[in-house]
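Here's the letter readout for the chains.
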Amino acid sequence: MLDTLKKRFEKALGLLKNKGKLTEEDVSEAVREVRRALLEGDVSLKVAKELTQKIKERATQREVLDSITPAQQIQAIVYEELVNLMGGKTSKGIVFAPKPPTVCMMVGLQGAGKTTTCVKIAKKLKGGHKPLVVACDLKRPAAVEQLQILANTAGVGFFGPKAGEGDLKKLIRDAMEYAASRLHDVIILDTAGRLHIDDELMRELVEIKEIASPTEIMLVLDAMTGQEAIRVAEAFHGELALTGLILTKMDGDARGGALLSAKAVADVPVKYIGVGEKLDDIEVFDPEQMAQRILG
Ligand code: GDP
């Protein structure tokens, strides 16, 4: 995960180790290297600039340069700034409604990993909750079937449209009633995915939001798509006021751009990361743990 980014950070911070006393120029060189690492990782230019500016300001203060262990102190500053950038200290999962059910609306483009992620989250919650996954795609029976198969494999409740059903409002209301009658306390809506963002999709999602009043609206993004993922996040956030992002395929060779730019650019926290194709391959996103991974 994020191997290139890790190597580049190692190189940047390595410039400072074994040097004993550091000058401002030493720090500037290392910070330039950090910036190169970020840009190579497809982090947005704005985020890379702001982050390195902050690191430089803090790292060139006299008490850091004159300390006995300046390299370690600078490493700690980089760590703290990375944690802040990714959304602060607390790890983020679903926020539950004060009064059940918690409705979690999952949105995203086709292929991002939305259906798999719905079931991964349901499976993760299964211990302490009774989740129900709901197929909301009235146009693609294959998507409905895929959710049903995965839900069966994971042993979580499933609700979907009947063959030929065309009324989205009715489907959502029926799903809510079904959930209430079987005491499901978490309802995860797998909404329709498209290859591109279009007005029809957005209208449909806004309609679902109005009917279901979700506690969480989470956008599933393919981390491998880097800055493009951030543009998708901005577009969805503008229409739906997202509460969180989920970045999938972090097990691949994603360069980190989506993960590191998400909070700063789209102002939505990453709540989960997908780390594989299996139904257990999901983690609640923890900025501190991720910063530790990046800095080794
Ligand atoms: P949807 O069209 O957004 O509903 O996407 P799917 O859930 O059908 O997933 C598309 C593909 O991505 C499938 O082959 C999934 O197994 C795969 N996938 C989803 N999440 C991950 C992940 O975190 N890591 C990897 N390696 N593959 C994933």
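The shown structure was predicted, so the numbers you read here are calculated from the model rather than taken from an experiment. (Residues numbered from 1 in each chain as written. Predicted model: local features only at pLDDT ≥ 70, side-chain atom pairs only at ≥ 80, totals over all residues. Heavy atoms only, no water.)

## Re the site of the ligand
Logical step 1: Contacts to the ligand come from 17 residues, most closely from Gly 111, Gly 113, Lys 114, Thr 116 and Asp 251.
Logical step 2: One nitrogen or oxygen atom from the main chain of Ala 112 is found 3.2 Å from an oxygen atom belonging to the ligand.
Logical step 3: Within the contact set of the ligand, an oxygen atom lies 3.3 Å away from a backbone nitrogen or oxygen of Gly 276.
Logical step 4: Across the complex, the protein chains shield 79% of the 580 Å² of accessible surface that the ligand would expose by itself.
Logical step 5: For the shell around the ligand, the element with the most residues is helix H6 (residues 114-125), which contributes four residues.
Logical step 6: Taken together, the residues of the shell around the ligand break down into three nonpolar, nine polar and five charged. (Near = heavy atom within 4 Å. Polar contact = N/O pair within 3.5 Å; in protein donor to acceptor, adjacent residues only side chain to side chain. Areas by Shrake-Rupley, 256 points an atom, 1.4 Å probe, with all protein chains shown as cover. Helix = DSSP H or I, 4+ residues; strand = E, 2+ residues; numbered from the N terminus. Nonpolar A, V, L, I, M, F, W, Y, C, P; charged D, E, K, R; others polar.)

## Quick look at the nonpolar core
Logical step 1: Counting residues in each nonpolar core, the largest one holds 79 residues, and the members touching the most others are Phe 9, Leu 82, Phe 236 and Leu 259.
Logical step 2: Top element by residues in this core is helix H5 (residues 70-85). It accounts for eight residues.
Logical step 3: If you look at the next biggest cluster of nonpolar residues, it comprises 26 residues, including Cys 104, Val 186, Ile 188 and Ile 282. (Core = buried A, V, L, I, M, F, W, Y, C linked by side-chain atoms within 4.5 Å. Buried < 20%, exposed > 50% of the residue type's maximum accessible area, 1.4 Å probe, protein only.)

## Quick word on the UniProt feature "domain: SRP54-type proteins GTP-binding" (unreviewed entry) in the protein
Logical step 1: Under the feature "domain: SRP54-type proteins GTP-binding" (unreviewed entry), the UniProt entry names residues 269-282.
Logical step 2: Taken end to end, residues 269-282 is 0% helix and 43% strand, and its two terminal C-alpha atoms sit 16 Å from one another. (UniProt positions renumbered as here; feature names shortened; annotations may be inferred.)

## Focus on the packing of helix H10 (residues 227-240) against helix H11 (residues 257-266)
Logical step 1: It is at 9 Å that the axes of H10 and H11 come closest, and there the two elements cross at 30°. Taken together, the axes of H10 and H11 are roughly parallel relative to one another. In this structure, H10 meets H11 at a crossing whose hand is right-handed. Counted together, Gln 227, Ala 229, Ile 230, Ala 233, Glu 234 and His 237 of H10 and Gly 257, Ala 258, Ser 261, Ala 262, Val 265 and Ala 266 of H11 form the full contact between these two elements. (Axes fitted to C-alpha atoms, helices over the stretch in contact; angles between N-to-C directions. Parallel < 35°, antiparallel > 145°, perpendicular 65-115°, else oblique. Left-handed = near helix turned anticlockwise from the far one by under 90°. Contact = heavy atoms within 4.5 Å.)

## Remarks on the side chain of Lys 120
Logical step 1: Residue position: Lys 120 is located in helix H6.
Logical step 2: One buried charged side chain, Lys 120, makes no salt bridge at all; its nearest oppositely charged neighbour is Asp 281, positioned 5.6 Å away.
Logical step 3: Not counting residues up to four positions away in its chain, the partners in contact with Lys 120 are Gly 274, Val 275, Gly 276, Lys 278, Leu 279, Asp 281 and Ile 282. (Lys, Arg positive; Asp, Glu negative; His and termini not counted. Salt bridge = Lys/Arg side-chain N within 4 Å of Asp/Glu carboxyl O.)

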